[in-house]
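# Understanding the architecture of this molecule
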Amino acid sequence: MAAVKKAFQVRLPPLPSIKDVIKLYKLRALRELSQNFLMEPRLLDKIVRAAGHIENHVVCEVGPGPGGITRSIVKQGPRKLILIEKDPRFTPSLELLADACKDVVDVDIITGDILKTDIAHFIPQDVKCEWTDPPPPVNLIGNLPFSVSTILIIRWLELISKKEGPWAFGRTRMTLTFQKEVAERMAARMTEKQRCRLSVMTQNWCGVNYKFDIPGSAFLPKPEVDVGVVTLTPLKQPIIKLPFKLIEKVVRQIFSMRQKYSIRGAQTLFPEEVREEMALRMYKMAEIDPVTRPFQIANGEFGRLCEAYKEIITKYPEFENYDYRAPKKLKSEGEATTA
Ligand code: SAM
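With an unreviewed UniProt entry as reference, the protein is termed rRNA adenine N(6)-methyltransferase, source organism Danaus chrysippus. The UniProt entry for the protein carries the following text under Sequence similarities (unreviewed entry): "Belongs to the class I-like SAM-binding methyltransferase superfamily. rRNA adenine N(6)-methyltransferase family." As its UniProt record puts it under Subcellular location (unreviewed entry), the protein is described as follows: "Mitochondrion".

Right, dumping it as structure tokens:
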């Protein structure tokens, strides 16, 4: 089956519809792998269009499943397609598609877990750009499984902060789906209801563009929630220019008591005996009002709090490894042993 490459559109030879592929290969959706499939070609094309121009790009798709989004990507004429799918039941249908477009797109099918796969290994070196250049011709696209989406984005933000993995090639863009609530959190600005740790972390390293919603009814089986499509473009300079782990710790603790004054969460960065004094010092240095609630703090203000925390732990290195959650962990381990 030879595919025909036209200007800006690849015409695929006739293939069974995604619905038929699911029937043909008996691909019953597995809840444990968050399998919710999209069938509607116009919707699939809309997701891929949200990624912008991808002709001749290297595209990595996370969780292609039966291949609906994959077909829409192929139609845009990428140079190389890297498919990472954990469920081996989809391999034959993906191979069918790879075979149908083999004359125009080089397809790598990787049966594995996205959390354990080194995507960079499959990206050709010649696409490498400088960080300050426009994004490289590499795109990550995926209708992500709900079960891994938040863990995955936090891992990717850490890789972005270190310019590693797919970000060793430049400011690689992402077009991804999340549960609507998670997508809203990523995009939430100061004072917005959904503002949380994920908002500050995502916006520190990426420009977040909330594209559109997909109703749950568009998926098979229908999930209990709607879905939001988001594009993320790494920033040339992060807002807070400090190590990922330090920022994550400060932001996490400040949001740990969401409805209280933010200083209450910040106190948990320090051991009990110095907690109040050190948190107050941190807020004074950062010039932030201690009675501000976490969701009322802007990204730049979080930056000042992180800088102040860094200054304090440089002066008092004994606080650096203090982990508020550790005693609880030890306690529950103890409980488990005695039970
Ligand atoms: N792309 C298809 C679509 O839009 O119809 C399927 C999307 S479905 C929401 C998520 C897909 O991710 C499933 O095919 C599932 O098997 C796969 N998946 C789940 N966990 C994964 C993991 N850890 N690594 C790679 N793929 C995973």
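## Comments concerning the site of the ligand
Around the ligand, 22 residues are found, and the nearest of them are Gln35, Gly63, Glu85, Asp113 and Asn143. Contact between the ligand and Gly63: a nitrogen atom at 2.8 Å from a main-chain N or O atom of the residue. Contact distances for the ligand include 3.3 Å between a nitrogen atom and a backbone N or O atom of Pro64. For the ligand, whose accessible area on its own is 590 Å², the fraction buried by protein is 98%. At a threshold of 2 Å from the grid points, most atoms of the ligand map onto the largest pocket.

## Section: the pattern of salt bridges
Evaluated as defined, the whole model comprises 15 salt bridges. One salt bridge connects Lys75 with Asp45, and the closest N-O pair in it is separated by 3.2 Å. Residue Lys75 is found in helix α3 (residues 68-75), and its partner Asp45 is found in helix α2 (residues 41-50); the two are separated by 30 residues along the sequence. In this structure, Lys162 and Glu158 form a salt bridge, with 3.3 Å as the shortest nitrogen-oxygen distance. Of the two residues, Lys162 and Glu158 are both situated in helix α5 (residues 146-162); the distance of four residues between them amounts to about one turn of the helix. Take Lys162: its relative accessible area is 45%, and that puts it in the partly exposed class. Counted as one network, the salt bridges with shared partners bring together Glu158, Lys162 and Lys245.

## Quick look at the nonpolar core
With 68 residues, the main nonpolar core has Trp156, Met174 and Met282 as its most contacted residues. In this structure Met174 touches Leu140, Ile153, Trp156, Ile160, Trp167, Cys206, Val230, Thr231, Leu232 and Pro234, once residues within four positions along its chain are discounted. In terms of nonpolar packing, the next biggest core, distinct from the first, is built from 34 residues, Ile22, Leu81, Val104 and Val229 among them.

## Things to note about the confidence of the model for the protein
Residue-level pLDDT values for the protein average 93, and 94% of them are 70 or greater. The model gives residues 330-339 a pLDDT under 50, and that stretch makes zero contacts with residues more than four places away or in other chains. The ipTM for the predicted assembly is 0.99, set against a pTM of 0.93.

## Some points on the environment of Val182
The topology assignment puts Val182 in helix α6 (residues 180-187). Sequence spacing of Val182 and His121 is 61 residues, and the spatial spacing of their C-alpha atoms is 29 Å.

## Focus: unusual backbone geometry
What you tend to see is this: most non-glycine residues have negative phi, and most peptide bonds are trans. Between Leu220 and Pro221 the backbone carries a cis peptide bond, its omega angle lying at -10°. Note on placement: Pro221 falls in the loop between β10 (219-220) and β11 (227-234). The phi torsion at Ser34 lies on the positive side, around 50°, for a residue other than glycine. With respect to the element layout, Ser34 can be found in the loop between α1 (18-24) and β3 (37-38).

## Digging into the state of the cysteines
Tallied over the entire structure, the rule returns zero disulfides. Free cysteine Cys60: the closest other cysteine sulfur is in Cys101, separated by 15 Å. Of the residues examined, Cys60 reaches a relative accessible area of 2% and is grouped as buried. Cys206 provides the cysteine sulfur closest to Cys196, a residue in no disulfide bond, and the two sulfurs are 15 Å apart. Judged by relative accessible area, which is 16%, Cys196 ranks as buried.

## A look at the pairing of strand β8 (residues 173-179)
Of all seven residues that make up β8, five are buried, and the element is covered over most of its length. For strand β7 (residues 138-143) and β8, the ladder comprises five bridges, and the chain directions are parallel. When the bridges of β8 are listed, Gly142 appears paired with Leu176. A crossover connection joins β7 to the parallel β8 through α5; in handedness this β-α-β unit is right-handed.

## With respect to the packing of α5 against helix α8 (residues 244-254)
In the contact formed by α5 and α8, the axes pass within 10 Å of each other and the chain directions differ by 135°. By the angle between their directions, the pair α5 and α8 is classed as oblique. For the pair formed by α5 and α8, the contact residues are Ile154, Leu157, Glu158 and Ser161 on the first element and Phe244, Lys245 and Glu248 on the second. Class assignment of the residues belonging to the contact of α5 with α8 gives a composition of three nonpolar, one polar and three charged.

## Digging into the sheet that holds strand β5 (residues 80-85)
As summarised here, the arrangement of the seven strands in space is β6-β5-β4-β7-β8-β11-β9, forming an open sheet in which the pairing is mixed. Two strands in the sheet have a free side with no partner beyond their single neighbour: β6 (106-111) and β9 (206-214). Strand-to-strand twist of the sheet, defined as the mean angle between neighbouring strand axes without regard to direction, takes the value 20°. Relative to β8, α5 is tilted by about 150°, and along the sheet it contacts β4 (58-62), β7, β8, β9 and β11. Strands β8, β9 and β11 of the sheet are contacted by α6, whose axis makes an angle of about 130° with β8.

Calculation rules
Residues numbered from 1 in each chain as written. Predicted model: local features only at pLDDT ≥ 70, side-chain atom pairs only at ≥ 80, totals over all residues. Heavy atoms only, no water. UniProt positions renumbered as here; feature names shortened; annotations may be inferred. Near = heavy atom within 4 Å. Polar contact = N/O pair within 3.5 Å; in protein donor to acceptor, adjacent residues only side chain to side chain. Areas by Shrake-Rupley, 256 points an atom, 1.4 Å probe, with all protein chains shown as cover. 1 Å grid on protein atoms, 1.4 Å probe; cavity = no way out; pocket = protein on both sides within 12 Å on 5 of 7 lines; lining within 4 Å. Sits in = over half its atoms within 2 Å of the grid points. Salt bridge = Lys/Arg side-chain N within 4 Å of Asp/Glu carboxyl O. Helix = DSSP H or I, 4+ residues; strand = E, 2+ residues; numbered from the N terminus. Buried < 20%, exposed > 50% of the residue type's maximum accessible area, 1.4 Å probe, protein only. Core = buried A, V, L, I, M, F, W, Y, C linked by side-chain atoms within 4.5 Å. Contact = heavy atoms within 4.5 Å. pLDDT = per-residue confidence, 0-100. Disulfide = S-S within 2.5 Å. Pairing = 2+ DSSP bridges. Right-handed = clockwise from strand over helix to strand, strands pointing away. Axes fitted to C-alpha atoms, helices over the stretch in contact; angles between N-to-C directions. Parallel < 35°, antiparallel > 145°, perpendicular 65-115°, else oblique. Nonpolar A, V, L, I, M, F, W, Y, C, P; charged D, E, K, R; others polar.

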